[in-house]
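# Structure at a glance
One letter stands for each residue in the lines below.
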Amino acid sequence: MATAVTRTDTSVTRSEREAAPESARPTLPLVDKAQRVAPPDARRLSKLYFERLAALEEGTAEYQYARNTLIEMNLSLVRYVARRFRSRGQEMEDVVQVGTIGLIKAIDRFDVSRENEFTTFSIPYITGEIKRFFRDTTWSVHVPRRLQELRVDLARAREELEGRGIPEPSVADYAALLELEEDEVIEGLVACNGYDATSIDRPIEAGGGQQRTGLIADLIGNEDPALALAENLQALKPHLAQLDERERTLLELRFGAEMTQSEIGEELGLSQMHVSRLLTRICTHLREEMLATD
């Protein structure tokens, strides 16, 4: 969140005006309740204050008085620009605070000698500061700036394509309209998923929001432990095929028929100890072959 603009930075109280040096008062009309000055009057008075500001030394009480009054008189410009962003889901008070920083930058950089309208000069500063705020703080996942800007282009392109009767534009539609490669469009569409995130504990609503059918977390699959087993069995098959008949028979009796080593020994005419050594050797060989394959 950008640094909040406090009252001590942007607000001029009656006591502050009364405390302003006499040298400042004759050349500047006293503005009571500067934030309530009508826009036409604010434009006229701003020109007088800028002319006076240019002649004052920065850091003096007179300079601060004129600068703060200019900020208050032109806050209507900030509110005007901020209304364009009311659909972004942010508190308007926060947006106005950020826009006020842009207004202050515009006031500090405005050159009254060039005879430009301050309104025309300041709006790009205010708009740029607000856009920077949304770009830097509202993405749930950080993505490169070019992809953030591409998201805006894709949104505008979608509106235009929908206006042409294409309700669900394809990647090719976007690419043709924006004159981009399809790979760039795909990258931008994927990046759009990082703009907004939601909680996995959010209810799933159906029937126009009248019925809740569970949580988003219920739709997230879990890892199936049998999947890894199936993969291992498939990887094991070619190594089993390389064993001789007796080795395969030992494995089949031990792990297929689930016979004990003593039962296998009786079946094959071997001692239990010999069966144990054979099984250990076979399993060690298969394990080494599997690890070598990985």
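A brief structural summary. (Residues numbered from 1 in each chain as written. Predicted model: local features only at pLDDT ≥ 70, side-chain atom pairs only at ≥ 80, totals over all residues. Heavy atoms only, no water.)

### Side note on the overall build of the chain
- Within the chain, the regular secondary structure consists of 14 helices and two strands.
- Considering only residue pairs separated by 6 or more positions, the chain has 55% of its internal contacts joining residues 24 or more positions apart.
- Put simply, the chain shows about 19,100 Å² of open surface, and 49% of that area lies on carbon and sulfur atoms. (Helix = DSSP H or I, 4+ residues; strand = E, 2+ residues; numbered from the N terminus. Contact = heavy atoms within 4.5 Å. Areas by Shrake-Rupley, 256 points an atom, 1.4 Å probe, with all protein chains shown as cover.)

### Examining the packing of aromatic side chains
- Throughout the structure, instances matching the rule amount to six aromatic pairs.
- Taking the centre distance of 4.9 Å and the plane angle of 50 degrees together, the rings of Phe-50 and Phe-118 count as tilted. Placement of Phe-50 in helix α3 (residues 39-55) and of Phe-118 in helix α7 (residues 118-137) is noted, with a sequence separation of 68 residues between them. Each member of the pair Phe-50 and Phe-118 is classed as buried.
- Between the aromatic rings of Phe-110 and Phe-118, the centroid separation amounts to 5.3 Å while the plane-to-plane angle is 80 degrees, which identifies the pairing as edge-to-face.
- For Phe-118, a relative accessible area of 6% puts it in the buried group.
- Taken together, Phe-50, Phe-110, Phe-118, Phe-121 and Tyr-125 form an aromatic cluster joined through their ring pairs.
- Directly above the ring of Phe-255 sits Arg-254, whose terminal nitrogen or CZ lies 5.8 Å from the centroid. (Phe/Tyr/Trp six-rings, centres within 6.5 Å; stacked < 30°, edge-to-face > 60°. Buried < 20%, exposed > 50% of the residue type's maximum accessible area, 1.4 Å probe, protein only. Lys NZ or Arg CZ within 6 Å of the ring centre and 35° of its normal.)

### Focus: the nonpolar core
- Counting 34 residues, the largest nonpolar core has Met-73, Leu-103, Ile-107, Phe-118 and Ile-130 as its most contacted members.
- Every element with two or more residues in this core is listed here: α3, α4 (61-73), α5 (75-82), α6 (92-109) and α7.
- Ile-107 has contacts with Phe-50, Leu-53, Arg-67, Leu-70, Ile-71 and Phe-118, leaving out every residue within four places of it along the chain.
- The next biggest cluster of nonpolar side chains, apart from the first, holds 11 residues, and it includes Leu-243, Leu-251, Leu-253 and Leu-278. (Core = buried A, V, L, I, M, F, W, Y, C linked by side-chain atoms within 4.5 Å.)

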